[in-house]
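# Observations on the model geometry
What follows is the residue order along each chain.
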Amino acid sequence: MSPVEVLSALNPLDHFISRNFQKFSGHSDTSFDPVVKDLPALIDVATNDPAADNRLDDEKIFSSLPPLFRGHPEIHLRKGIIDAAMLGATSEVDAERAFFVADLSQVFRQHERWMKNLPEIVPHYAVKCNPDPYIIRLLAALGAGFDCASNGEISQVLSIGGVDPSRIIFANPCKATSFVRSAAKAGVNHMTFDNADELYKIARAHPGAKLIVRILADDSKSICRFGIKFGAPLEVVPSLLSKAKELGLDVVGVSFHVGSGCYDPTIYGDAIRRARDAFLMGAQAGYKFTLLDVGGGFEDARFETAASVLADAINLYFPDRKGIRLIAEPGRFYVSRAFSLAANIIARRAPMNEISLEPLDPRSTSDEPSVMYYINEGVYGAFNCIMFDHQTVNPYVLSLKGSFHVSSSEPLSLCSLWGPTCDSIDCVCKAVELPSALQIGDWLGFDNMGAYTICAASQFNGFKFSNVVYTTSKVGGDEVRRALCSFAAKGYGHGSGPY
Ligand code: PLP
């Protein structure tokens, strides 16, 4: 008997629904299946109580974008699973496709948090982190600026309308000449540099640019370090500034980046001190700097501490800052928690015992994973964050054996999770405890999937990008809709392009 055969049978959900589809779609009897049974009740609660966090009605605010639903993300995760089961019953290809639920209220709440803790610093959202069209529109409507790394990101932001190019900083210290030229054409003047070649390039392609010298910061306390690639050490700043003067360029300020995912916010204090030194070097070179850009790196869990370190350091090193504009380039802080992912278990395999080829018991208490589950998102897709962003992800069960209810007494066993491609590097979790009863057709959920996920996903092996369902939950939901509707009413955000 092969090891796979000792695993119990397939999740009966899709067989059952396909056999009973007539009955199911006619709503005649749904009592037999817990998933099907749960949904009408869920939707009833959602639609009948206008004050509930659960109203599911959608709104088409922008003609080129999918609708914006209401209701807690969890409801939409469940609804997506039900929809997938129904599609599966009609034999639709890719019916069980993984999907995200994005809660725009969460982005709004982060913006409020930012404004409360750092009211002096204008956030310029780092588009690279998640260039989602709703996120860009929402942040544009809320008055944020944008940090763009390329011509493409600049075009995306400007194409929605309503964002003046002065709200964009081209924050890539090493740009293609043609990108500098097109930034000039688009009226984007603020751009960073950290080397002399960039100055020659800008002198030719955009001599009227407002330049920001990116200095090297201590990035040793961050998950993703950038110092090996970007940032001028303070020792070279004076010569860079004198070269800029010689070329007739206008340097207006200083930026730094402490690295993405900064887990020791005290590092911002040191970076601000370095920035102050660079301001003094600017004065010595004959410039009067008017801009301080404190970069990104803000972690959700440590944000208040980072904000207080920053505010104290700014007070200490820039006590007289009249005439100095403060900006930042936060990325993950805004979007990380706003996206959840639902992925379907499409296959499973019992790992072979290499020596005896004996099957392993899936309920085994060994510290080796007992079952390999294959899900329909992997490291070539949204889970690229595992490789590029050094993340570990934490799956939880969304539906088990056709039910959304997972008892806390469900026996667990150690298993591994794999993406859908044919590459063995495509491993999502090497070892994780999940219910032993998980089967093909069950769904797993992953939270905190908004940052550096979708933006770097590929379609390797022909697997499509996962769709996004948009919603607003209770706290901040009305504010999001008001902001988006008023943005749309001014004629912005309706572009028919891909964004
Ligand atoms: N600014 C620049 C120049 C970056 O390279 C990045 C991230 O790569 C960010 C801002 C955003 O950083 P974070 O998402 O950590 O806030």
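First, a word on what this report is: a plain description of the structure on this page.

### Observations regarding the packing of helix α5 (residues 104–117) against helix α6 (residues 133–141)
Contact pair α5 / α6: the axes reach a minimum separation of 11 Å and the direction vectors enclose 35°. Between α5 and α6 the crossing geometry is right-handed. Seen from α5, the contacting residues are Leu104, Val107 and Phe108; seen from α6, they are Tyr134, Ile135, Leu138 and Leu139. Of the residues in the contact of α5 with α6, the class split is 7 nonpolar, no polar and no charged.

### Topic: the environment of Ser473
In this structure, Ser473 sits in the loop between β20 (467–472) and α15 (474–489). Ser473 sits in the buried class, given a relative accessible area of 7%. For the pair Ser473 and Glu74, spaced 399 residues apart in the sequence, the C-alpha separation amounts to 9.8 Å. Looking at Ser473, its side chain comes within polar contact range of the side chain of Asp103, at 2.6 Å.

### Quick word on the sheet that holds strand β5 (residues 145–148)
The strand order β4-β5-β6-β7-β8-β10-β12-β13 describes a closed barrel built from 8 strands, whose pairing is parallel. Recorded for the sheet is a direction-independent mean angle of 30° between the axes of neighbouring strands. Across 4 bridges, strand β7 (residues 190–193) lies against strand β8 (residues 210–214) in parallel orientation. Residue pairing for β8: Phe193 is matched across the bridge by Val213. Taken strand by strand, helix α9 (residues 196–205) contacts β7 and β8, and its axis lies near 150° from that of β7.

Parameters and conventions
- Residues numbered from 1 in each chain as written.
- Predicted model: local features only at pLDDT ≥ 70, side-chain atom pairs only at ≥ 80, totals over all residues.
- Heavy atoms only, no water.
- Axes fitted to C-alpha atoms, helices over the stretch in contact; angles between N-to-C directions.
- Helix = DSSP H or I, 4+ residues; strand = E, 2+ residues; numbered from the N terminus.
- Left-handed = near helix turned anticlockwise from the far one by under 90°.
- Contact = heavy atoms within 4.5 Å.
- Nonpolar A, V, L, I, M, F, W, Y, C, P; charged D, E, K, R; others polar.
- Buried < 20%, exposed > 50% of the residue type's maximum accessible area, 1.4 Å probe, protein only.
- Polar contact = N/O pair within 3.5 Å; in protein donor to acceptor, adjacent residues only side chain to side chain.
- Pairing = 2+ DSSP bridges.

Such coordinate-based values are descriptive only and should not be taken to indicate function.
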